Amino acid sequence: MPSTYDVLIVGAGVAGPSLAYSLATKTHNKRSAPLRIAVLERSLSKPDRIVAELLQPGGVTALKKLGLESCLEETNAVPLLGYHVLRGEEDICASFPEGHVAQGFDHGAFVMALRDRARRAPNVEVIETTVTGLIENKDTHRVIGVLASRAGGQPESYFADLVILAEGSLSKFRTAILGNMPYQPSQQDYFAGLIVKDMKLPMPGYATMVIMNSVGPVVLFELPNNEYRMLVELKQPPADLKEHIVRDIIPHLPSSIRAPILKTLETSRVRRVPHYYLPPTKQGVSSKEGAFLLGDSLNMRHPLTAGGMTVALNDVFILSDLLAQVKNFGDWDEISDVLQKWHRMRKPLAYTINAMSMSWAGIFAAEGEALNIMQEGAFKFFGKGAQYSEQPMITHSPSLLTRNSIAIALYAIWVLFTHPRPGNKSAPHFYEYPLLFVKALNVIWTIGSVMVPVMWAEM
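Turning next to unusual backbone geometry. Despite not being glycine, D198 has its phi angle at roughly 55°, a positive value. Within the fold, D198 resides in the loop between β12 (186-197) and β13 (207-211). Backbone geometry places A306, a non-glycine residue, at a positive phi of 55°. For A306, the position within the fold is in the loop between β17 (291-293) and α8 (308-323).

Looking at where A291 falls in the secondary structure, it is placed in strand β17. On the basis of relative accessibility, which here comes to 0%, the residue A291 falls in the buried class. On a C-alpha basis, the gap between A291 and H396 in space is 28 Å, while along the polypeptide they are 105 residues apart. Leave out the neighbours within four places in its chain, and A291 touches V143, V163, I177 and W332.

Let's shift gears to empty space enclosed by the protein. Under the counting rule described, the total for this entry stands at four cavities of 30 Å³ or more. One number sums up the size of the second largest cavity: a volume of about 140 Å³. Lining the second largest cavity are 15 residues, and of these W360, I363, N404, S405 and I408 sit closest to its centre. Of all elements in the fold, only α9 (332-364), α10 (369-382), α12 (398-418) and α13 (433-458) reach the threshold of two or more residues within the lining of the second largest cavity. Considering every element that reaches the lining of the second largest cavity, the biggest residue donor is α9, with five residues. Split into classes, the residues belonging to the lining of the second largest cavity amount to 12 nonpolar, three polar and no charged.

Quick look at the sheet that holds strand β16 (residues 271-277) now. If you trace the seven strands from one edge of the open sheet to the other, you get β6-β5-β13-β14-β15-β12-β16, paired in mixed fashion. Of all strands in the sheet, those bounded by a partner on one side alone are β6 (90-95) and β16. Looking at each pair of strands side by side, their axes are set apart by 20° on average, direction ignored. By the bridge criterion, six bridges tie strand β14 (residues 218-223) to strand β15 (residues 227-234) in an arrangement that is antiparallel. Each residue of the ladder has a partner; that of L223, found in β15, is E227. Together, β12, β14, β15 and β16 form the strand contacts of helix α6 (residues 241-249), whose direction differs from that of β15 by roughly 90°. The strands touched by helix α7 (residues 258-267) are β12, β14 and β15; relative to β12, the strand with the most contacts, the crossing angle is about 100°.

All right, on to the layout of surface pockets then. Here the second largest pocket is characterised by a volume of approximately 240 Å³. Contributing to the lining of the second largest pocket are L86, R87, G88, V210, I211, M212, N213, H252, L253, P254, R258 and Q375. Contributions of two or more residues to the lining of the second largest pocket are made by β5 (82-87) and β13. Among the residues forming the lining of the second largest pocket, the class breakdown is six nonpolar, four polar and two charged.

Looking now at the sheet that holds strand β7 (residues 102-104). As summarised here, the arrangement of the three strands in space is β3-β7-β4, forming an open sheet in which the pairing is antiparallel. The open sheet has two edge strands with one neighbour each: β3 (54-55) and β4 (78-80). Here β3 pairs with β7 via two bridges, running antiparallel. Across the sheet, L55 pairs through a bridge with Q103, a residue of β7.

This structure, assessed with the given rule, holds seven aromatic pairs. Judged by centre distance (6.3 Å) and plane angle (80°), the ring pair of Y83 and F96 falls under edge-to-face. One end of the pair, Y83, is in strand β5; the other, F96, is in the loop between β6 and β7, and 13 residues separate them in sequence. Residues Y83 and F96 agree in their burial class; the two are buried. Seen from their ring centres, F417 and Y433 are 5.1 Å apart, and the 70° between their planes marks the pair as edge-to-face.

Between two packed helices, both the angle of their axes relative to each other and the distance between the axes serve to describe the pair. Their axes nearest at 8 Å, the elements helix α2 (residues 57-65) and α8 cross at an angle of 30°. With respect to each other, α2 and α8 are oriented roughly parallel. Note that α2 runs across α8; the crossing there is left-handed. On α8, the residues touching G58, G59, A62, L63 and K65 of α2 are T310, L313, N314 and F317. Among the residues making up the contact of α2 with α8, the classes are represented as four nonpolar, four polar and one charged.

Attention shifts here to helix α4 (residues 107-119). In this model α4 runs 18 Å from its N-terminal to its C-terminal C-alpha over 13 residues, within 8% of the 18 Å that 1.5 Å per residue would give. Within α4, burial applies to H107, G108, F110, V111, A113, L114, R115, R117 and A118. The backbone nitrogen of G108 lies 3.3 Å from a side-chain oxygen of the residue at the head of α4, namely D106.

This part takes up helix α1 (residues 15-27). The end-to-end C-alpha separation of α1 is 18 Å, in line with the 18 Å expected for 13 residues at 1.5 Å each. Of all 13 residues making up α1, 12 are buried, and the element is well covered by its neighbours. Looking at α1, one finds that the buried residues are A15, G16, P17, S18, L19, A20, Y21, S22, L23, A24, K26 and T27. Contact partners of the buried residues in α1: β1 (3-10), β2 (37-41), α4, β8 (124-128), β11 (155-165) and α8.

Here is what the cut-offs are and how they apply
Residues numbered from 1 in each chain as written. Predicted model: local features only at pLDDT ≥ 70, side-chain atom pairs only at ≥ 80, totals over all residues. Heavy atoms only, no water. Helix = DSSP H or I, 4+ residues; strand = E, 2+ residues; numbered from the N terminus. Buried < 20%, exposed > 50% of the residue type's maximum accessible area, 1.4 Å probe, protein only. Contact = heavy atoms within 4.5 Å. 1 Å grid on protein atoms, 1.4 Å probe; cavity = no way out; pocket = protein on both sides within 12 Å on 5 of 7 lines; lining within 4 Å. Points joined across faces, edges and corners; volume = space filled by probe spheres on them. Nonpolar A, V, L, I, M, F, W, Y, C, P; charged D, E, K, R; others polar. Pairing = 2+ DSSP bridges. Axes fitted to C-alpha atoms, helices over the stretch in contact; angles between N-to-C directions. Phe/Tyr/Trp six-rings, centres within 6.5 Å; stacked < 30°, edge-to-face > 60°. Parallel < 35°, antiparallel > 145°, perpendicular 65-115°, else oblique. Left-handed = near helix turned anticlockwise from the far one by under 90°. Expected span 1.5 Å × (residues − 1). Polar contact = N/O pair within 3.5 Å; in protein donor to acceptor, adjacent residues only side chain to side chain.

Treat this as a map of the structure, not an account of what it does.
Next up, the structure:
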């Protein structure tokens, strides 16, 4: 006999169980009949990923608003106070403002804690089954459920007034729901990941980011149980990944952390994953009725700034508040209004994090003279003091992001004209200004070409 629910959520990563828990708890005492919610997930075993292990302060705040902060405690999450950024012989300490911390944890343990909270929420079922297709009304083509198969079983039908697809970056149903999408997921680069034990970072309590020429940034941060995650940005996977790390990465890392990394490389496998960029698409107007996308199915960004979970959890907080007011989940006009409000309300945080991640990755992970000038300017700008580094670390204001970006670009040009260049002991002379002026124009053009397309896509 087919199973029938008010809401079906496909995917039990971060967004799916968080939404199930929040929607169930927010509506439990407000409706005459509690919502019946099912979360369908291909595998309920512990996930094993090399990314999504650092939750920024904004994500910690969203988790607390959802009443799910205990999931961090269950994973023995490690608080992180900010970033220690190294570039050549220079370094800066970019702390989060007082009262704000990030959290480092085992991703699989965090997801399992979220699933457990969803499972214990009123009228929520978490079911291990593989969704293979959408069920549509033959006349209206509205989505009315999904087809799914349990391991070794026959296809089953699950029906619901509303289907929410949160199945991640490789969503099978993205095109079916959005139709003619203005943007397609674009693969950016790769991240290689390694777990290192018994390592002491140069500045305990801070994530370490190392900016290097010719190769992408390296990020290291502490996890529970005296483990440390090392992430390496890769433009293209080298023929021998371990050899690349030993030859091209480790010599540029602080000497104090090289030995434990080399020791780990002798016995551990280095894993790599691609990462994608996908601007969000407005849903509820021209998208297919009866279903919508959430999480990485809808919107992805560069993982360098670790903003993905923050966007997802903030989306869940806003969306659950809006959906809790819905009287009839079968009324698509009512759901459409919710989706359009959600699109507007999520934009300040999502726009800022997405634009920041793609822009900073474009600056710190790219090559070229103009980008090197921007790197140096940004490094010196943030190094001027806490008032210059704290706010950009947690801002969710598109206008503030724009002002900071302009300020950094102008400061980079000022540094170009007033600071000694590599290999020189004195600042540029007046007769060098014409060439520097050309370089300054190239900086403005380059930063515009990096940031404007992203900002436009996110609008």
